[in-house]
Structure formats: structure tokens, C-alpha cells
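# Working through the structure, step by step
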Amino acid sequence: GDIAVEFRPLEDAVDPSNMLCAGKDSSSVMAWAQCSGSQYQQLSETQHSYETEWDMVNAVSFRRKPCASALNHGHERSRWAFTFCLSDLRSVTVKEEGWTFLLFELKESCTALPALHFHQGGSREFLDGLRRFSLCPSVSVLREPSGRQQLRPRPREKHASASEQLHSLTDPHLFPFKVLIDCVLQQKFRKDPYVTTLGGFSKVTNYIFDAFRGTEEQHQRPPEEVADLLGEVIQGLEINQQEEPGFEVITRIDLGARPQVTRAEPLSVEDWTRHQDPEGRMTRVPQLKKVIFKGGLSHAVRRDAWKFLLGYFPWNSSQDERKTLLRLKTDEYFRMKLQWKSISDEQERRNSRLRDYRSLIEKDVNRTDRTNRFYEGIDNPGLVLLNDILMTYCMYDFDLGYVQGMSDLLSPILYVMENEVDAFWCFVSFMDQMHQNFEEQMQGMKTQLIQLGALLRLLDLSFWNYLESQDSGYLYFCFRWLLIRFKRELSFQDVLRLWEVMWTGLPCHNFHLLVCCAILDSEKQKIMEENYGFNEILKHINELSMKLDVEDILQKAEGIGLQMRSCKDLPDSVSSILGFEADVRGSDPMDSGSAPAPRASPRRPDTCSDLHGHLRETTSHAVAFMS
């Protein structure tokens, strides 16, 4: 009946000691490793790849270490495992010496437990978990004169004061947005679209205290104020505040029962190999994509499979054809890299855009996924690669250059590829999909928010009306979800799973919008029952970060998609958003063997796709919305 703490080390998918880094003043490739807190470099064996011809500009590459037997790995990991009862815990000491370590002290133990460091984050959540259990309800953080922090019992306070609640809300660790309190809006979207957009909501500072008024009457802002607020943030966004005749009544559409769906196991190396012919061409690609959608990929397959999913390698290419393509792409990449590498200081002084790109990239790289072992530490070669790939992308697409948030999209790709050239071209393919999100006019973001509103209104009209009543109908709290595809909402490994599933293109177009609907559908009851207002909704959505389960979300999103596909009265605009009109009516692309179903009865006129009043134009292939 006791509560126990169990720690079992897991094997990392990538070992930074496999990285090879070129010396700063040499063209030779150097090995990088870390031992006892110190770094050393040694000459490595000559690389047997085409990239050795580009050593002058090649900063980092990788080599594999021979893997020890599974038995040895299991023994090594089990040596650090431990378990103890929570009732035996005397204290938890939090030490910060560059990294954050947790030291456990038991009440009666002659054996010291090893210090813990959470490489991918989670120490704060672990400590919060200790506080929540009934055996230690009054554990709190106390600072000692030595500068360390310890968790020790102290009397629990009955109620937190309003000032303490406000302090916890503005704590950057607990409230990552940091834009609702005394934020000054600056029109710098190209450098930081996320902060700039949400920064515009600094005008709600005076409303944040509504969150602490308990059951007091909710105050609703005038439509003119909301329009002015969003108009400043999203340039070019036209908000029609006039009544539009002909659209006063929104008909509630019965979507029918939501189908129950299940997830499957990740695709293994053996299954991936069985889909290749003797020449290396991928076979039965639709079936392969369906398997990937239903279960994702095992990590050992990702490096090869992502190149196909992102379009870097054609599905019908042979092994020899891919080798030829890789040689061409390697040449093209390093020619572009040489362009910015060979620019002199004098030239750069006369190129303000390049200076701005370089400065912004350096700042972002130094704070991208630093808790991940692949990027942690000082002078990490992974950071060198992030910097070089992003700088080279500026040469590839100088008009767009670099916009904050792009480093978040590159980081998982580089983590999987472990190769500079492959990571760059996969990133290029991903950016082809995400390009409009980072353009100055934000057309991609505006379109997605409007489309998401149309889907959400159809899915649950009462919840949509509630959001509108709380000035949240613009769905600005979903901005970060859409901008960088949930990169900061899920754990690093869950991001890998979500992205590879979305890259299959199944089961419909814009599946990421259904993922948004699935998350909001799970949270709507709490939002409405607690009568959350403008600030509480934003805060609640922010606090979902790192608390979401990707498998549950994917399961619900797929069910919503099937539910909408089976609806006979689905509005044409929603059908266009999800790409159903391109499929045979009634057929399921997930079922490649199904016969075309009879054509459905004519759909009713579309009355729920316009986000705030009216539909500008509807065609058979595209729908243009006006807010």
C-alpha cells in the first residue's frame, strides 16, 4: 500500500560521442568525445564517404560505435537502477552546477543513491509529483545558505494569497508565454512571429486579474477592442464587424457516432526491409504509409524512412539512383555552404540582412533543445550543425532567410539524420510545407486558424459559441501549435512520432488541424465547466505543454476524421479543407482495397465554414475565407 519511486535508466537513441567535428583551424575531421567533464579531440580515421572532399567546409559528421551485446547494456543500466518507498524519503536536494541534479537522502540508509539529471527535462515535474502525493503533502522548496535547494516538510498554508497566485502565474518556469504581463508589442514578426503575435495581447494586462475574481461576473470586451487588438498583431487581417444578412442561423449538423479506432505497433526494420525489392525500390507504398500512420516508426527505421516521407528520396528510386542523387545533393549543399563561409568580414559589414540572419540564428541555436542530450553542453557539435544548416538555408532561400521557430523544425530532423547533408535536404522539404507559416504576411497562419475555426464549429457548436463569448473565437492560443507543428507541446520523442504520422498524408489533408480539434475536444469540458475566461483559457492551453499523450491524441484525431468523412451532410467547405472532395465519396483512403461507394446525396449549403460571419468565395477546389 506504499508509494514507491523507481528509477530505471533507458538507453539513448543517439550517442553524442559518435559525432565527428572538424577543427577550427584545420580541414581534418576530428573526433569529439566527453570524459569526466573534460573534452578532448583526437584525429579520426579517414571518412569513407563523398563528404571528405568537402572537409574544408564540413563542420560535423558522424560515425557509429560497435554496439555491445544487449546483455551488457542491460547490466550496465541495471547497475544504476534503484527503488525506495516515498515514506522513507528524508529530503531531495536540488543542486545546480551547470546542470541540475537531484540528490535523494533516505531516513535510514547506509547506501547513497546516485544523483539524477533529467537529460530531456522533467525534474520540475518530478518534484511537483512528489508534492502531490498524500504521503508528503506539505513538501516545499527551501533555499539553504549554500545556494542549494532542498525539499523538506513544512506546514502547509491554508490558502495562497492573490499576490502569490499572480506571482506563480508570472513565473517563467510555470507560465512560458510571458507575454500577458507588462509586454510591449514590437512589430518584428519576421524575427519572432510567435512572440510578436502573442505579444500583441499585452493590452489584456488589465484583464488578467479577472482570473482571481472567482465567481464574479465575466466581463466581455467590445468587438471593436478585439478587432483593434488582433488587427495590430496580424497585419492585413480584415475583421468584419457588421451583421451579414443571410447567415444569422447556424444549423447544427449531426455528425453521427464517432468510430472507435486503435493504434498499432511501430514499423520495425524487418517490416521496412520487406517493402523493398532487390534493387532497393520501395514496394506497396500505400500499404506502407498506412502502417506508418497507424503505428509510426521504430527509431532504427526513421533515418531511412523520413527521407522518403519528406520527398527527399522518390519512393520508386533504386539504391543506385539514390546514391547518384546523394552525390549531387552533397555538391549542391556544400557549394551553398561555401558561399556564406567564404564571405569576409568586410563583405558582411555591407550586408545587413546576412548579419541579421547570422545574429538571430546564433541566439536561437544556443537555446534550442538544450535539455536534449544531443544538444546539451558547451561547444556541442550538434549546435554547430544546427547553425551551419540554418545559415546554408539562408543561401538556399534568401528571400525568406531565417525566422524564429525554424530551428525548432530542424532540431528533430538533425537528431534523426545524424548527417548534415541529409538533414538539410529533409529540412528543405519540410519547409516547403511550412513556408507560408513564416512569410511576412502570415497568410498560411491566417488560413489555418480560419480553417480550424470551421472544423471546430462543426465538431461542437456549443463549445465554439462559448469560445466566442469569451473573446477566444480567433483561436490565437493555437498559434504556436500550428506555427511549429506542436514542437513545444509534446515531448521530443512524441514529436518524432507525430511528425512521421502526419507526413504520410493520411487519412486526409490538413490532419494537423484534426490534431488541434482532438486536443481541444479533450479540454472543452474543463474549460466550460470551470467557466474559463479569456485569460484562463490561454493559461490552461499553455500549461498543457509536455502533458499531452501523442497516442491518445492521434487516436482521437483519426476518429474525428472518420466521423466527418461518414457524414452525408458535411458542408462542402469542410470537405475541401480535409480534401474529401478529391476522394471518391464514401471511400476511405486508409482502405486501399475498398470499392468506390455510391455518390452521396447532395450536401446542404455550407453555413458553418465562415469563421466570423460570411463566406467570400466557394469553388470545387478551393475556399477563400474572410474573417
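Residues numbered from 1 in each chain as written. Predicted model: local features only at pLDDT ≥ 70, side-chain atom pairs only at ≥ 80, totals over all residues. Heavy atoms only, no water.

### Let's talk about the overall build of the chain
- When its secondary structure is counted, the chain shows 22 helices and twelve strands.
- Among the 627 residues that make up the chain, the fraction classed as buried is 48%.
- Taking contacts inside the chain between residues at least 6 apart in sequence as the whole, the part at least 24 apart equals 70%.
- Of the roughly 31500 Å² of accessible surface on the chain, 50% is carried by carbon and sulfur atoms. (Helix = DSSP H or I, 4+ residues; strand = E, 2+ residues; numbered from the N terminus. Buried < 20%, exposed > 50% of the residue type's maximum accessible area, 1.4 Å probe, protein only. Contact = heavy atoms within 4.5 Å. Areas by Shrake-Rupley, 256 points an atom, 1.4 Å probe, with all protein chains shown as cover.)

### Structural notes on the nonpolar core
- In this structure, Phe 438, Phe 477, Phe 511 and Met 564 are the most contacted members of the largest nonpolar core, which totals 126 residues.
- The next biggest cluster of nonpolar side chains, apart from the first, holds 14 residues, and it includes Phe 84, Leu 86, Phe 104 and Leu 130. (Core = buried A, V, L, I, M, F, W, Y, C linked by side-chain atoms within 4.5 Å.)

### Some thoughts on the pattern of salt bridges
- Applying the stated criterion across every chain, the model contains 25 salt bridges.
- The network of salt bridges with common partners includes Arg 258, Asp 460, Asp 521, Lys 524 and Lys 556. (Salt bridge = Lys/Arg side-chain N within 4 Å of Asp/Glu carboxyl O.)

### Details of the packing of helix α12 (residues 381-396) against helix α14 (residues 420-434)
- Relative to each other, α12 and α14 sit at 50 degrees, their axes nearing to 10 Å. Judged by the inter-axis angle, α12 sits oblique to α14. Along this stretch, α12 crosses α14, giving a crossing that reads as right-handed. Residues Leu 385, Asp 388, Ile 389, Leu 390, Thr 392, Tyr 393 and Tyr 396 of α12 touch α14, and the partners they reach there are Glu 420, Ala 423, Phe 424, Trp 425, Phe 427, Val 428 and Met 431.
- Here the contact of α12 with α14 is built from residues that sort into eleven nonpolar, one polar and two charged. (Axes fitted to C-alpha atoms, helices over the stretch in contact; angles between N-to-C directions. Parallel < 35°, antiparallel > 145°, perpendicular 65-115°, else oblique. Left-handed = near helix turned anticlockwise from the far one by under 90°. Nonpolar A, V, L, I, M, F, W, Y, C, P; charged D, E, K, R; others polar.)

### Here's the deal with helix α2 (residues 123-132)
- Among the residues making up α2, those that are buried are Leu 127, Gly 129 and Leu 130. Along the long axis of α2, the arc covered by the buried residues comes to 155 degrees, so they all point the same way. (Arc of directions from axis to C-beta.)

### Points about the pairing of strand β6 (residues 82-85)
- Because side chains alternate across β6, one face comprises the buried residues Phe 82 and Phe 84, and the other comprises Thr 83 and Cys 85, none of which is buried.
- For strand β1 (residues 4-7) and β6, the ladder comprises four bridges, and the chain directions are antiparallel. Counterpart to Glu 6 in the pairing with β6 is Thr 83. (Pairing = 2+ DSSP bridges.)

### A few points about the environment of Lys 337
- With respect to the secondary-structure elements, Lys 337 resides in helix α9 (residues 319-341).
- Counting along the chain gives 58 residues from Lys 337 to Met 395, while the straight-line C-alpha distance between them is 7.6 Å.

### Concerning α9
- With 23 residues, α9 extends 32 Å from end C-alpha to end C-alpha; this agrees with the ideal 33 Å at 1.5 Å per step.
- Residues Arg 322, Thr 330, Asp 331, Tyr 333, Phe 334, Met 336, Lys 337 and Trp 340 constitute the buried set of α9.
- Packed against the buried residues of α9 are α8 (299-309), α11 (352-365), α12 and α14. (Expected span 1.5 Å × (residues − 1).)

### Describing the state of the cysteines
- Inspection of the entire model under this criterion finds zero disulfides.
- The closest cysteine sulfur to the non-disulfide-bonded Cys 517 is located on Cys 516, 6.9 Å from its own sulfur. (Disulfide = S-S within 2.5 Å.)

### Some words on the environment of Glu 439
- Mapped onto the elements of the fold, Glu 439 is located in the loop between α14 and α15 (443-459).
- What makes Glu 439 partly exposed here is its relative accessible area of 27%.
- Sequence-wise, Glu 439 and Leu 400 are 39 residues apart; in three dimensions their C-alpha atoms are separated by 6.9 Å.

### Quick word on the packing of aromatic side chains
- Under the defined criterion, the tally for this structure stands at 28 aromatic pairs.
- Considering the side-chain rings of Tyr 476 and Phe 534, the 5.2 Å spacing of their centres and the 50 degrees angle between planes classify their relative orientation as tilted. Note that Tyr 476 is positioned in the loop between α16 (461-469) and α17 (479-483) and Phe 534 in helix α20 (residues 534-542), a separation of 58 residues in sequence. Of the two residues examined, Tyr 476 and Phe 534, each falls in the buried class.
- Here the aromatic residues Tyr 333, Phe 334, Tyr 393, Tyr 396, Phe 424, Trp 425 and Phe 427 are joined through ring pairs into a cluster of three or more.
- Against the face of Trp 425 rests Lys 329, its NZ or CZ located 4.1 Å from the ring centre. (Phe/Tyr/Trp six-rings, centres within 6.5 Å; stacked < 30°, edge-to-face > 60°. Lys NZ or Arg CZ within 6 Å of the ring centre and 35° of its normal.)

### Structural notes on the environment of Phe 477
- Within the secondary structure layout, Phe 477 lies in the loop between α16 and α17.
- Given the relative accessible area of 2%, Phe 477 is considered buried.
- Sequence separation between Phe 477 and Asn 542 is 65 residues; the distance between their C-alpha atoms is 7.8 Å.
- In this structure, Phe 477 is in contact with Leu 467, Ser 472, Leu 520, Ile 537, Leu 538 and Ile 541, ignoring residues within four places of it in sequence.

### Some thoughts on unusual backbone geometry
- With an omega of -5 degrees, the peptide bond running from Leu 506 to Pro 507 counts as cis.
- Along the chain, Pro 507 falls in the loop between α18 (492-502) and α19 (511-529).
- Backbone geometry at Arg 284 places phi at a positive 45 degrees, although glycine is not the residue there.
- Within the element layout of this structure, Arg 284 appears in the loop between α6 (269-274) and α7 (285-295).
- Of note in the backbone geometry, Phe 486 takes a positive phi value of approximately 65 degrees without being a glycine.
- Inspection of the secondary structure puts Phe 486 in the loop between α17 and α18.

### Some details on the packing of α15 against α16
- Interaxial distance between α15 and α16 falls to 5 Å at its minimum, and their mutual angle equals 125 degrees. Viewed along their axes, α15 and α16 adopt a mutual orientation that is oblique. Within the contact between the two elements, α15 uses Gly 453, Leu 456, Arg 457 and Leu 459 and α16 uses Leu 461, Phe 463, Trp 464, Leu 467 and Glu 468.
- Within the contact of α15 with α16, the residues separate by chemical class into six nonpolar, one polar and two charged.

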